[in-house]
Amino acid sequence: MTALVLVVDDLVPNVKLLEAKLTSEYYDVVTASNGIEAIEQTNKHYPDIILLDVMMPGMDGFEACRKLKEDPKTSHIPIVMVTALSEPSDRVKGLEAGADDFLTKPINDTALFARVKSLVRLKLMIDELRIRDQTGLQMGVMDAGQSGLNASFADAKVLVIDDDVVQGKQVVDCLNKHHKATLETNPEQALDVAIKGGFDLVIVSTQMLDVDGLRLCSHMRSHEATRHIPLLILVEEDDDRALIKGLELGVNDYLMTPIDFNELVARVHTQIRWKKYQEALKSNYKQSISMAITDALTGLYNRHYLDAHVLNLVRHAHEKHRPLALMMMDMDHFKQVNDTYGHNVGDEVLKELSKRIVQCTRGADLVARYGGEEFVVVMPETDVGNATEVAERIRKAVERDPFIISHAVGSINKTISIGVSYLKPEGDSPIDLMKRADEVLYKAKSGGRNRVEIYYNS
C-alpha cells in the first residue's frame, strides 16, 4: 500500500533519516522544516499522513496540528506527533490538539511502519467516502457541509474487556464521566457482548491471564458485526511484540500501562471522533442517494452514477499518482435464460449475480450495473495484477455454484466473461478506461467466453 507522507522537522538530519526509512518502504515523501511550511505543504500536496515534530521555532507542532485539524480541507488527514517529549502530559496536549498518535524519539522502525500502515488504511477509506460525498454534491443529491469531524459523542458506548477487575473498573469509572462505558471481565463472553452491544469503541487488555487479547482482537476484525469498530489495546510498556502485532492486526490505537487516565480520555476521544466521522459520511451517503442513481433490480449503482463517480475517481488517481483498475463483465448467453425461462427468472439470476460480484470485491470498490447483463467494477488503489485476481475470483464464483431459480428445473449453471483495464499515468480519461475494458471484454467473448482478458499497453 503506497502513500504520500509529509515529514516535518526543523533539523535536516532528522528529516533525511525519516525520509530514507520511508522511501525504503516505497512511500513517497515530501518535507517541511517548520509549522507554517507544514501547513503550506499540506494544502499543496494533501498527503495521506503527516509526521509532525513538536519542538520547532516559531509555530510549534501543537499549533500547526491544531490549525490543520480546524481546516475542513485538511482535518481528515491523520497526524502523528514525532517528539523527544515523553511525558504523558505532552501526549495529551498533542491529542487534544487533534493528533492521531505519538511516536517518541528515537523512533522504533517497526512501530513507525505499523502506525503509518494503519493510519493510511484509515485514510484510504475516508478518502473514498469523501469522494462519494463529492459525487453526491455534484449530482445535487447532497447538501454541502452535512458531514464533519465535530459530531457529538457524549453518549458514545465503550466496551472494556479486562479480567483485571481493579484496572477495568478504574478505566470504566474514568470513561463514564464522558461516555457510557461497560466492563466485561469474562473474555469468553466478550465477543458476543461486542457483537450485540452496538459499541463505538472496544478497549482490550493484552495482559489477561487465560485469554490472548490479540486473538480476541483478530476475531473482532474478522466478524462482520465488529469489523469496523475501533479497537484500543492496553499494553505493558516493554511489550513491543504485543504492540506491533496488534497494529498489524488492525488495532487502531494503544495505551501503555500503568495507565495515565488523562491520556486514556484523549485517545478514546480521538478514536470515537474518527468513528463518528466515518458514520456521518456513510449515513450521509446512504440517506441522500436516491433511487435515481441506483438500479431498481439489483440495488447496485446505475450507469448514471457510474459515469459521474468514475470522473472523480480518475481525477483523484491522477492527482495522487495512484493505480486505478476497471473491469467490465457480461454474463454469457444470458438471452437464453430470458427466452427459455422468462424474464422473471432472468431477474432472479441478475440479482444473484450482483450479490456474488459484491461478495468478491471490497467496500471501497464501486460496483454498478452498466445495463442489461453487463456490470462494471471500479477499483481504487488497485493495480492490474490485483484486479485480475479479483476478476478470476468473480468468474469462479459464477461458474462454481448453480443459480437457484423459481422454475421447475430448480437451478441453472451460468458463466461470465470479464475484461480488465487500468488507468494510464498520463492523460487518460474515464472514456478511454471504459473503452479498453469493453474491448478486452469483447475479446473474452470471442475467445470462448467464461474467461478473463486483460488489457496490455502495446
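Let me sum up the structure you'll find in this document. (Residues numbered from 1 in each chain as written. Predicted model: local features only at pLDDT ≥ 70, side-chain atom pairs only at ≥ 80, totals over all residues. Heavy atoms only, no water.)

## Comments concerning the sheet that holds strand β1 (residues 4-8)
- Ordered by their spatial adjacency, five strands build an open sheet running β2-β1-β3-β4-β5, and the pairing between neighbours is parallel. Whereas interior strands pair on both sides, the edge strands pair on one side only; in this sheet they are β2 (28-32) and β5 (101-104). Taking each pair of neighbouring strands and ignoring which way they run, the sheet shows an average axis angle of 20 degrees.
- Across five bridges, β1 lies against β2 in parallel orientation. Its bridge partner lying in β2, Val5 is registered against Val29. (Pairing = 2+ DSSP bridges. Helix = DSSP H or I, 4+ residues; strand = E, 2+ residues; numbered from the N terminus. Axes fitted to C-alpha atoms, helices over the stretch in contact; angles between N-to-C directions.)

## Concerning the sheet that holds strand β12 (residues 366-371)
- If you walk across this open sheet you meet the five strands as β12-β13-β11-β16-β17, and the pairing is mixed. Of all strands in the sheet, those bounded by a partner on one side alone are β12 and β17 (452-454). Looking at each pair of strands side by side, their axes are set apart by 20 degrees on average, direction ignored.
- Sheet topology note: the strand β11 (residues 324-331)/strand β16 (residues 416-422) ladder contains seven bridges and is antiparallel. Opposite Asp330, over in β16, you have Ser417 as the bridge partner.
- Packing of helix α15 (residues 430-446) onto the sheet brings it into contact with β11, β12, β13 (374-380), β16 and β17, and relative to β16 it is tilted by some 145 degrees. (Contact = heavy atoms within 4.5 Å.)

## Observations concerning the packing of aromatic side chains
- A complete count under the given rule lists two aromatic pairs for this structure.
- Where Tyr301 meets Tyr305, the ring centres are 4.7 Å apart and the plane angle is 35 degrees; that geometry is what we call tilted. Across this residue pair, the class does not change: Tyr301 and Tyr305 are buried.
- Directly above the aromatic system of Phe403 lies the positively charged group of Arg356, at a separation of 3.9 Å from the ring centroid.
- In this structure, Arg436 packs its charged tip against the face of Tyr455, placed 5.1 Å from the ring centre. (Phe/Tyr/Trp six-rings, centres within 6.5 Å; stacked < 30°, edge-to-face > 60°. Buried < 20%, exposed > 50% of the residue type's maximum accessible area, 1.4 Å probe, protein only. Lys NZ or Arg CZ within 6 Å of the ring centre and 35° of its normal.)

## Observations regarding the pattern of salt bridges
- As enumerated under the stated definition, the model contains 28 salt bridges in all.
- Of the charged contacts in the structure, one is a salt bridge between Glu399 and Arg395, with a shortest N-O distance of 3.2 Å. Remark: Arg395 and Glu399 occur in helix α14 (residues 384-400); sequence separation between them is four residues, near one turn of the helix.
- Given a relative accessible area of 38%, Glu399 falls into the partly exposed group.
- Owing to a relative accessible area of 12%, Arg395 belongs among the buried residues under this scheme.
- One salt bridge in this structure joins Asp428 and Arg436, with 2.5 Å as the shortest N-O distance. Accessibility classification places Asp428 together with Arg436 in one group, the buried group. (Salt bridge = Lys/Arg side-chain N within 4 Å of Asp/Glu carboxyl O.)

## Observations concerning the environment of Val193
- Note on placement: Val193 falls in helix α7 (residues 187-197).
- Residues Val193 and Ile49 lie 144 residues apart in sequence; the distance between their C-alpha atoms is 34 Å.
- Dropping the residues within four chain positions of it, Val193 is found in contact with Leu159, Glu184 and Phe199.

## Remarks on the side chain of Arg221
- Position of Arg221 relative to the elements: it lies in helix α8 (residues 213-222).
- Notably, Arg221 is buried but unbridged: the nearest opposite-charge side chain belongs to Asp253, and the N-O separation is 11 Å. (Lys, Arg positive; Asp, Glu negative; His and termini not counted.)

## Details of the pairing of strand β8 (residues 201-205)
- With five of its five residues buried, β8 lies for the most part within the structure.
- Of the two faces of β8, the one lined by Leu201, Ile203 and Ser205 and the one lined by Val202 and Val204 are each fully buried.
- The sheet contact formed by strand β6 (residues 157-161) and β8 spans four bridges and is parallel. Pairing of Val158 across the sheet is with Leu201, part of β8.
- The sheet contact formed by β8 and strand β9 (residues 231-236) spans four bridges and is parallel. Bridged to Ile203 within β9 is Leu232.
- For the crossover that starts at β8, traverses α8 and ends in the parallel β9, the hand is right-handed. (Right-handed = clockwise from strand over helix to strand, strands pointing away.)

## Notes on the environment of Ala84
- Checked against the element boundaries, Ala84 lands in the loop between β4 (79-83) and α4 (88-96).
- Through-space distance from the C-alpha of Ala84 to that of Lys275 is 29 Å; in sequence the pair is 191 residues apart.
- The contacts of Ala84, once residues within four sequence positions are left out, are Thr104 and Lys105.

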